Amino acid sequence: MKVLAAMSGGVDSAVAAARAVDAGHDVVGVHLALSRQRGTLRTGSRGCCTIEDAMDARRAANLLGIPFYVWDFSERFAEDVVEDFVAEYSAGRTPNPCLRCNEKIKFAALMEKALALGFDAVATGHYADIRIGSDGSRELHRAATWAKDQSYVLGVLTADQLAHAMFPLGATPSKDEVRAEAAARGLTVAQKPDSHDICFIPDGDTRGWLAERVGMEEGAILDRTGERIGTHPGAVAFTVGQRKGLDIGFPAADGKPRFVLEVRPKTNEVVVGPREALAIAELAGSRISWAGNPPADPATPFDCEVQVRAHGDPVPATARVEGGELVVTLAEPLLGVAPGQSAVLYVGTRVLGQCTIDRTVSAVTTLAG
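Since this is a predicted model, take the numbers as computed values, not measurements.

**Topic: the overall build of the protein chain**
The secondary structure content of the protein chain amounts to 8 helices and 17 strands. Computed over C-alpha atoms, the radius of gyration of the protein chain comes to 22 Å, within 12% of the 21 Å expected from 2.2 N^0.38 for 369 residues, which places it in the range of a compact globule. Considered along the principal axes of its C-alpha atoms, the protein chain spans approximately 65 × 50 × 35 Å. Looking at the protein chain residue by residue over its 369 residues, the buried ones come to 53%. Across the protein chain, the fraction of contacts at a sequence separation of at least 24, relative to all contacts at a separation of at least 6, is 65%. Carbon and sulfur atoms make up 51% of the accessible area of the protein chain, which totals about 16500 Å². For the protein chain, the separation between the mean place of its 38 positive charges and that of its 47 negative charges on side chains is 3 Å.

Below, the structure is given as structure tokens:
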């Protein structure tokens, strides 16, 4: 096949491209420039898509003997990922920019351009697996090593996108094996640190970054009864489940830590309470997509597991589509689930589909009863 290998400049994408070459494919490497004002160097493992990363990707492509290009996707990235991130926080929601980048950039904008240029598939360094189901359709599954599994942030992929996706690292037992392979191949990125945090906020100061773009005004911190117990610098800086940064100044009556239970951007209020008040029994959301064939009758409740964070544990649940929403009823409560997060459904290791969470139903009364 003619394969476009997305090369971030890290070890995973470099080894993925190398394996695509070894498999006999006609491979071309591409690095995505996602910022018009890219930094020259990374700070350890913070950030990505710097000029240093582009150079590392080019060196890897040269070693592999494949053509290499840099494509400017900065405008699409700003609109579909950065602006979405700001809008979601401004609405009191908690977005996942990595998942949105996969949905809008790597497997939409990039794949569309690749297919238009005659490529058959896009290969990335994600840790996930594509298998052929009993009916011959493609299915998205967890990677062999759960510690590195990235199927959650790929949960937005559709059947059409899976038909042209390639994840050469999916069956690899460990990251150490990938690094050892990179070293054996002579790739200079063999020991390069993994990137983490939000790539467009490389210093990790999300509150400061949002303050520059949204503007922040002091507002009230309320307890569950509505009594004002403190002041915050701006509601958009908080997310459900957050504990740090409240600075209330005095302990709760029971001496237990307080957590953010609700963010109200319209009134610029933050509601706090005990950890147990974060428990939810049900969640529901829109922007539903299915990673391959959907359930035969999505309106009929079906058993599954749901995961609401990239590195969270899956929880047994039943799900159904009702009134345009994916409604997920949990077998055991989940803590700190916020609107804006993605709920990804699994059946075994298979990713079934996902939705963006719009609302949750508290489990507190159930627990009390």
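**Focus on helix α3 (residues 74-90)**
Compared with the 24 Å implied by 1.5 Å per residue over 17 residues, the 22 Å span of α3 between its first and last C-alpha is a close match. Along α3, the largest kink reaches about 30 degrees and is centred on E83. Among the residues of α3, those classed as buried are S74, F77, D80, V81, V82, D84, F85, V86, E88 and Y89. Elements in contact with the buried residues of α3: β2 (26-33), β3 (68-72), α4 (97-116), α7 (206-214) and β12 (279-290).

**Re the sheet that holds β2**
With parallel pairing, the 5 strands of this open sheet are ordered in space as β3-β2-β1-β4-β7. Every interior strand has two partners, whereas the edge strands, β3 and β7 (165-166), have only one. Sheet topology places strand β1 (residues 2-6) next to β2; 5 bridges connect them, and they run parallel. Within β2, the residue paired with A5 across the bridge is G29. Here helix α1 (residues 11-22) sits on the sheet in contact with β1, β2 and β7, set at roughly 160 degrees to β2. Each of β2 and β3 touches helix α2 (residues 51-64); the most contacted strand, β3, lies at about 150 degrees to it.

**Digging into the sheet that holds strand β11 (residues 269-273)**
By way of backbone hydrogen bonds, the strands of a sheet pair with one another, either parallel or antiparallel. On the basis of which strands lie adjacent, the open sheet formed by 4 strands has the order β9-β8-β11-β10 and mixed pairing. Looking along the sheet, the strands with just one partner apiece sit at the ends: β9 (228-232) and β10 (259-264). On average, adjacent strands in this sheet sit at an angle of 30 degrees to one another, irrespective of strand direction. Sheet topology places strand β8 (residues 219-222) next to β9; 4 bridges connect them, and they run antiparallel. By the bridge assignment for β9, L222 is matched with R228.

**Thoughts on the nonpolar core**
Where a protein is soluble and globular, its nonpolar side chains tend to be buried together. Ranked by internal contacts, the top residues of the largest apolar core, which has 44 residues, are L110, F167 and F200. For this core, the elements supplying multiple residues, two or more each, are β1, β2, α3, α4, β5 (128-132), α7 and β16 (342-347). Among the elements that take part in this core, α4 stands out by supplying 8 residues, more than any other. Residues contacting F167, with those up to four places away along its chain left out, are F107, T124, H126, A128, I130, L140, L154 and L157. In terms of nonpolar packing, the next biggest core, distinct from the first, is built from 28 residues, V3, V11, A20 and A57 among them.

**Some thoughts on the side chain of D12**
Structurally, D12 is set in helix α1. The contacts of D12, once residues within four sequence positions are left out, are G125, Y127, L169, K175 and V178.

**Description of the packing of aromatic side chains**
Taken as a whole and judged by the stated rule, the model has 7 aromatic pairs. When the ring of F85 is compared with that of W209, the centres are 5.7 Å apart and the planes differ by 70 degrees; the resulting orientation is edge-to-face. Residue F85 is found in helix α3, and its partner W209 is found in helix α7; the two are separated by 124 residues along the sequence. Take F85: its relative accessible area is 1%, and that puts it in the buried class. By relative accessible area, W209 is classed as buried at 10%.

**A few points about the pattern of salt bridges**
Taken as a whole and assessed by the stated rule, the structure comprises 23 salt bridges. A salt bridge links D194 to K148, with the nearest nitrogen and oxygen atoms 3.5 Å apart. Of the two residues, D194 is situated in the loop between α6 (175-185) and α7 and K148 in the loop between β6 (138-142) and α5 (159-162); the sequence distance between them amounts to 46 residues. Between R320 and E322 there is a salt bridge, with its nearest N and O atoms 2.9 Å apart. Each of the salt bridges in this network shares a partner with another, and the network as a whole consists of D12, K148, K175, R179 and D194.

**Quick notes on unusual backbone geometry**
The backbone phi angle of D247 is positive, close to 50 degrees, even though this residue is not glycine. One non-glycine residue, N268, lies in the positive phi region at around 60 degrees. Here N268 is to be found in the loop between β10 and β11. N268 sits in the buried class, given a relative accessible area of 17%.

The rules behind these values
- Residues numbered from 1 in each chain as written.
- Predicted model: local features only at pLDDT ≥ 70, side-chain atom pairs only at ≥ 80, totals over all residues.
- Heavy atoms only, no water.
- Helix = DSSP H or I, 4+ residues; strand = E, 2+ residues; numbered from the N terminus.
- Rg over C-alpha atoms; globule rule 2.2 N^0.38 Å.
- Buried < 20%, exposed > 50% of the residue type's maximum accessible area, 1.4 Å probe, protein only.
- Contact = heavy atoms within 4.5 Å.
- Areas by Shrake-Rupley, 256 points an atom, 1.4 Å probe, with all protein chains shown as cover.
- Lys, Arg positive; Asp, Glu negative; His and termini not counted.
- Charge placed at Lys NZ, Arg CZ, Asp CG, Glu CD.
- Expected span 1.5 Å × (residues − 1).
- Bend = angle between axes of the 7 residues up to and from the residue.
- Pairing = 2+ DSSP bridges.
- Axes fitted to C-alpha atoms, helices over the stretch in contact; angles between N-to-C directions.
- Core = buried A, V, L, I, M, F, W, Y, C linked by side-chain atoms within 4.5 Å.
- Phe/Tyr/Trp six-rings, centres within 6.5 Å; stacked < 30°, edge-to-face > 60°.
- Salt bridge = Lys/Arg side-chain N within 4 Å of Asp/Glu carboxyl O.

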